Amino acid sequence: MLLDHLNRKLQAIAAQDLTRVLRVAESATAPTQTVRGADGRAREMLMFCSNDYLGLAAHPQLAEALVDGVRRYGAGSGASHLISGHGRAHEQLEHALAAWMAPQIPGAQALFFCTGYMANMALLSALGDAEAEIFSDELNHASIIDGARLAKAPVQRYAHCDVAALQPLLAASRAKIKLIVTDAVFSMDGDMAPLEQLLALAEAHDAWLIVDDAHGFGVLGPHGRGTPAHFGLCSERLIVMGTLGKAAGVSGAFVAAHPTITQYLLQAARTYIFTTASPPAVPHALLTSLQLMASDEGEQRRANLKRLQAQLRSGITHLLRDYPHLGWQLVPSDTPVQALIIGENAATMGVAARLDAAGLRVPGIRPPTVPKGTARLRITLCATHTEADIRRLLQALRDAVAELPGNAPSRQPLVASA
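Residues numbered from 1 in each chain as written. Predicted model: local features only at pLDDT ≥ 70, side-chain atom pairs only at ≥ 80, totals over all residues. Heavy atoms only, no water.

A. Fine view of the side chain of Thr 288. By the secondary structure assignment, Thr 288 is in helix α12 (residues 281-294). Overall, Thr 288 belongs to the buried group, its relative accessible area being 17%. Look past the residues within four positions of Thr 288 in its chain and what remains in contact with it is Gln 61, Leu 62 and Ala 65. (Helix = DSSP H or I, 4+ residues; strand = E, 2+ residues; numbered from the N terminus. Buried < 20%, exposed > 50% of the residue type's maximum accessible area, 1.4 Å probe, protein only. Contact = heavy atoms within 4.5 Å.)

If you want it as structure tokens, here you go:
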């Protein structure tokens, strides 16, 4: 019965063009990577799907730091943090992250988690007790949604980035503890939350602002200190979660907050207490990652990202002007996440397949990851991409559009190379 039941569900997923396919990367994370598809064939692909925004995942200094960490501390931690798994490297990283976040959160302490998903589960389930109420942006990441589901607090969803919609919800709340939670950079759109206005609301309504800075940490703000730094925020009411497997290039995540909050998480966060600590080589390597992000090299990489973003947006804007009947939409974004909304699942996956055939990996994102009717190409840029890579992507997009039925351009094709 179970297998029949699951087969019916799999068939229903396929009928909606929602089947997910696993691919295998056979080389290091980089703009050009060897990838083995479902057909078992390995190909060299130009990748526009990684969250390795600064291109640090295969950085020689970072790789050497990871090896050095293994030499010093071995392969594993052996236990959970509170038993014997919390080593010197974990402590050093937490101190470094606390110092990193101190300009935004006075007196901040940091707690290191195995993953960003676990960090968000910890935050929402531990702080969202029966005396609290959670106010969550409707487009928040799945880890926030799942953390809120585990919380005992009621959850109010507010319209995406809509401060005017959130204000009356906060005003009407009688909860002793009010928790506003938002992505800083929304992972499927690339837009930024209005953190200045959200913090002002938090201060006006005696609330706390939880910021998931997974896609801003290392990329935005002075020296890559993150989205709160980008907006110049400083408040004890800020609780920041940042991931360390995206721009930082390694693995893990952290929560930075007032010391009372991190100390409470140490006592109550189940995803911290009841899991084996990350191998100490990981936080050891992340110390080098922080140094690279804050260095002149980190500044140069962020500057190159900005140039690539401008080149890509210019080229896609020209494409959409040439084919106005497509009805596609390039979501406004000043981040490495660039979303091109196509609409229907089949059409989106058709374009993704054409790009794939041309040797470019640009994932099609469909519901339930994004709202129904907004399937899209999620294009992510890395500092190690080149202008030639962007030109190749833009030309491949033009070729894919030209292959669609009835798509004669309204004027001469143009590929921007800004």
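So, next bit.
B. Expanded view of the packing of aromatic side chains. Within this structure, the stated rule accounts for 3 aromatic pairs. An angle of 65° between the planes, with centres 5.4 Å apart, marks the rings of Phe 113 and Tyr 272 as edge-to-face. With Phe 113 in strand β4 (residues 109-113) and Tyr 272 in helix α11 (residues 270-273), this residue pair connects regions lying 159 residues apart in the sequence. Accessibility classification places Phe 113 together with Tyr 272 in one group, the buried group. With a centroid separation of 5.1 Å and 65° between ring planes, the pair formed by Phe 217 and Phe 254 is classed as edge-to-face. (Phe/Tyr/Trp six-rings, centres within 6.5 Å; stacked < 30°, edge-to-face > 60°.)

C. Main features of the confidence of the model for the protein. Considering every residue of the protein, the mean pLDDT works out to 95; 97% of them sit at 70 or more. Contacts from residues 410-418, a stretch scored under 50 in pLDDT, to residues over four places away or in other chains number 27 contacts. (pLDDT = per-residue confidence, 0-100.)

D. The arrangement of the sheet that holds strand β6 (residues 155-158) in detail. Taken in spatial order, the 7 strands make up an open sheet running β4-β10-β9-β8-β7-β5-β6, and their pairing is mixed. Strands with a single pairing partner mark the edges of an open sheet, and in this sheet they are β4 and β6. Taken pair by pair, the neighbouring strands of this sheet meet at an average axis angle of 20°, ignoring direction. Bridge count for β4 against strand β10 (residues 253-257) is 5 bridges, and the pairing is antiparallel. Counted as the bridge partner of Ala 110 is Ala 256 from β10. Across the sheet, helix α5 (residues 116-127) is in contact with β4, β5 (132-137), β7 (177-183), β8 (207-212), β9 (238-243) and β10; its angle to β9 comes to roughly 155°. The sheet contacts of helix α6 (residues 142-150) involve β5, β6, β7 and β8, and relative to β7 the element is tilted by about 155°. (Pairing = 2+ DSSP bridges. Axes fitted to C-alpha atoms, helices over the stretch in contact; angles between N-to-C directions.)

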